[in-house]
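# Commentary on secondary and tertiary structure
Next come the chains, spelled out residue by residue.
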Amino acid sequence: MNPNSFEHHLSEQPWRPIPPGWREEILAQVTADQAASDPDTVPARTMPSWLREWFWPHPTAWAALAACWLAILALDRLAAPSAAEVAHARSGARIAEALFAASRNPQALELTTQPVSTPAIDRPRRGPTDQGRIKHPFNALNA
Amino acid sequence: MPTARQLEECYDAHSQALFGYLLNLTRDEHETRDALQEMFLRLAARPALLDGTREPRRYLLRMAHNLAIDRMRRRIVREQAVSALTRETPQRFAPSPDPDITAFREGLAAALDTLPVDQRAVVHLKLWEGLTFEAIAEVLEIPPNTAASRYRYGIDKLRERLRHLYRELS
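Notes on the structure in this doc start here.

Procedures and definitions
Residues numbered from 1 in each chain as written. Chains lettered and ligands numbered in written order. Predicted model: local features only at pLDDT ≥ 70, side-chain atom pairs only at ≥ 80, totals over all residues. Heavy atoms only, no water. Helix = DSSP H or I, 4+ residues; strand = E, 2+ residues; numbered from the N terminus. Buried < 20%, exposed > 50% of the residue type's maximum accessible area, 1.4 Å probe, protein only. Contact = heavy atoms within 4.5 Å. Areas by Shrake-Rupley, 256 points an atom, 1.4 Å probe, with all protein chains shown as cover. Buried area = accessible area lost by both parts, 1.4 Å probe. Salt bridge = Lys/Arg side-chain N within 4 Å of Asp/Glu carboxyl O. Polar contact = N/O pair within 3.5 Å; in protein donor to acceptor, adjacent residues only side chain to side chain. Axes fitted to C-alpha atoms, helices over the stretch in contact; angles between N-to-C directions. Parallel < 35°, antiparallel > 145°, perpendicular 65-115°, else oblique. Nonpolar A, V, L, I, M, F, W, Y, C, P; charged D, E, K, R; others polar. Core = buried A, V, L, I, M, F, W, Y, C linked by side-chain atoms within 4.5 Å. 1 Å grid on protein atoms, 1.4 Å probe; cavity = no way out; pocket = protein on both sides within 12 Å on 5 of 7 lines; lining within 4 Å. Points joined across faces, edges and corners; volume = space filled by probe spheres on them. Left-handed = near helix turned anticlockwise from the far one by under 90°.

Let's shift gears to the overall build of chain B. A tally of regular secondary structure across chain B gives seven helices and zero strands. Counting all 170 residues of chain B, 48% fall into the buried class. Across chain B, the fraction of contacts at a sequence separation of at least 24, relative to all contacts at a separation of at least 6, is 68%. Carbon and sulfur atoms make up 50% of the accessible area of chain B, which amounts to about 8,700 Å² in all.

Turning next to the interface of chain A and chain B. Contacts between the two partners involve 27 residues from chain A, matched on the other side by 42 residues from chain B. Each partner contributes to the roughly 3,500 Å² buried at the junction of chain A and chain B, and carbon and sulfur atoms together form 66% of this total. The interface formed by chain A and chain B contains four salt bridges. Ionic pairing is found between arginine 23 of chain A and aspartate 12 of chain B, a salt bridge with its closest N-O pair at 2.7 Å. Along the contact surface separating chain A from chain B lie 15 residue pairs in polar contact (both at pLDDT 80 or more).

Once that is clear, we can look at the packing of helix α4 (residues 99–113) of chain B against helix α7 (residues 144–169) of chain B. When two helices pack together, their arrangement is captured by the angle between the axes and the distance separating the axes. Residues and elements named next belong to chain B. At their nearest, the axes of α4 and α7 sit 10 Å apart, and the two run at 180 degrees to each other. Accordingly, the angle class assigned to the pair α4 and α7 is roughly antiparallel. Residues Asp100, Ile101, Ala103, Phe104, Gly107, Leu108, Ala111 and Leu112 of α4 pack against Leu158, Arg161, Leu162, Leu165, Tyr166 and Leu169 of α7. Residues belonging to the contact of α4 with α7 are distributed by class as follows: 11 nonpolar, one polar and two charged.

Counting residues in each nonpolar core, the largest one holds 56 residues, and the members touching the most others are Leu10 of chain A together with Leu36, Phe40, Leu112, Leu140 and Leu158 of chain B. With nine residues, helix α1 (residues 4–26) of chain B is the single largest residue contributor to this core. In contact with leucine 36 of chain B, other than residues within four places in its own chain, are Ile18, Trp22 and Ile26 of chain A together with Tyr11, Leu18 and Leu22 of chain B.

When we look at burial in helix α6 (residues 133–140) of chain B, the residues that qualify are Ala135, Ile136, Ala137, Val139 and Leu140 of chain B. Just beyond α6 of chain B, the residue with positive phi is glutamate 141 of chain B, at close to 55 degrees.

Here we come to the environment of proline 47 of chain B. With respect to the element layout, proline 47 of chain B can be found in the loop between α2 (29–45) and α3 (56–81). Between the alpha carbons of proline 47 of chain B and threonine 3 of chain B there is a distance of 9.4 Å; along the sequence they are 44 residues apart.

This part takes up the layout of surface pockets. The probe, sized like a water molecule, is rolled over the atoms to show the empty space still left. Residues and elements named next belong to chain B. The space that makes up the second largest pocket amounts to roughly 320 Å³. Of all the secondary structure elements, the ones that give two or more residues to the lining of the second largest pocket are α3 and α5 (117–127). Of the residues belonging to the lining of the second largest pocket, the class tally is five nonpolar, three polar and eight charged.

Another aspect to go through is the packing of α5 of chain B against α6 of chain B. All names here are of chain B. Axis separation between α5 and α6 bottoms out at 10 Å; the angle between their running directions is 130 degrees. It follows from the interaxial angle that α5 and α6 lie oblique. Here α5 and α6 pass one another in a crossing that is right-handed. Residue-level inspection shows Ala121, Val122, Leu125 and Lys126 of α5 in contact with α6, the latter providing Phe133, Ile136, Val139 and Leu140. Partitioning the contact of α5 with α6 into residue classes produces seven nonpolar, no polar and one charged.

Opposite charge on two side chains permits them to pair, given that their charged atoms come into close proximity. All names here are of chain B. Evaluated as defined, the whole model comprises 17 salt bridges over all chains. Close ionic contact of aspartate 113 with arginine 92 constitutes a salt bridge, the shortest N to O distance being 2.5 Å. Note that aspartate 113 is positioned in helix α4 and arginine 92 in the loop between α3 and α4, a separation of 21 residues in sequence. Through salt bridges with shared partners, one network takes in Glu31, Glu38, Arg42 and Arg71.

Laid out in structure tokens, this is it:
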């Protein structure tokens, strides 16, 4: 078997002709697609070409994903606390922080719980005051 | 955007070659039609695709190759889920009134089926598109040496399988 003649013989075998109806179908589909994506009718065509190519395979899916994100953002904004609630929460947080810090420092706690020993002060002892002996300026005048 | 006339000219100039190549790769007429349809939709959507290409046929063959490979991968996954047994391979070569020639062409189609797709692609581009190994390398984005070795492996297998049929003809 001559290799060259064998290959030549193979190359002479004609492929089946393309079905004649395909020409009309395919070109009609292309025309329809062109009309559907006409820049006057589809706003997406105004996007930059790189963006359009990026979104091209499934533009509806991308749009749905974007809508989901917008809905999540809107819900997040609606659920956000007011300024008063935030201030209240902050003050509570400060108290909690202080308690937490104190709990981590037991010595400080002990110091606060021990009785305070105050040095004794020598004071002159007095006897019970006799209310009758109180000198009153008017008494002196009367005497 | 290319005009309808330009697309028609492109179709008339290249569709037969693309049909044969796609049919040889996919071995499925529906896949071939869908791939061809997708190619022309892309050409219509992106008019710059063929701008500056010295060899539009080569560019289109590369596009066809990539589309066919993508579709075959998807089909393999699909058929693993269903069943590949029911699928019939379509007629690929032109019918002939001579029964010997018809038998040879059927044998050739069956022999082509046994080749791995990378060898089948190179053999097709070499035999039926008449491309050089450099051009095949450009179309398939592989080194020319790889294209040559794939061709030799493929043609040896075809020669082995078609030996008897070829002797009867010659």
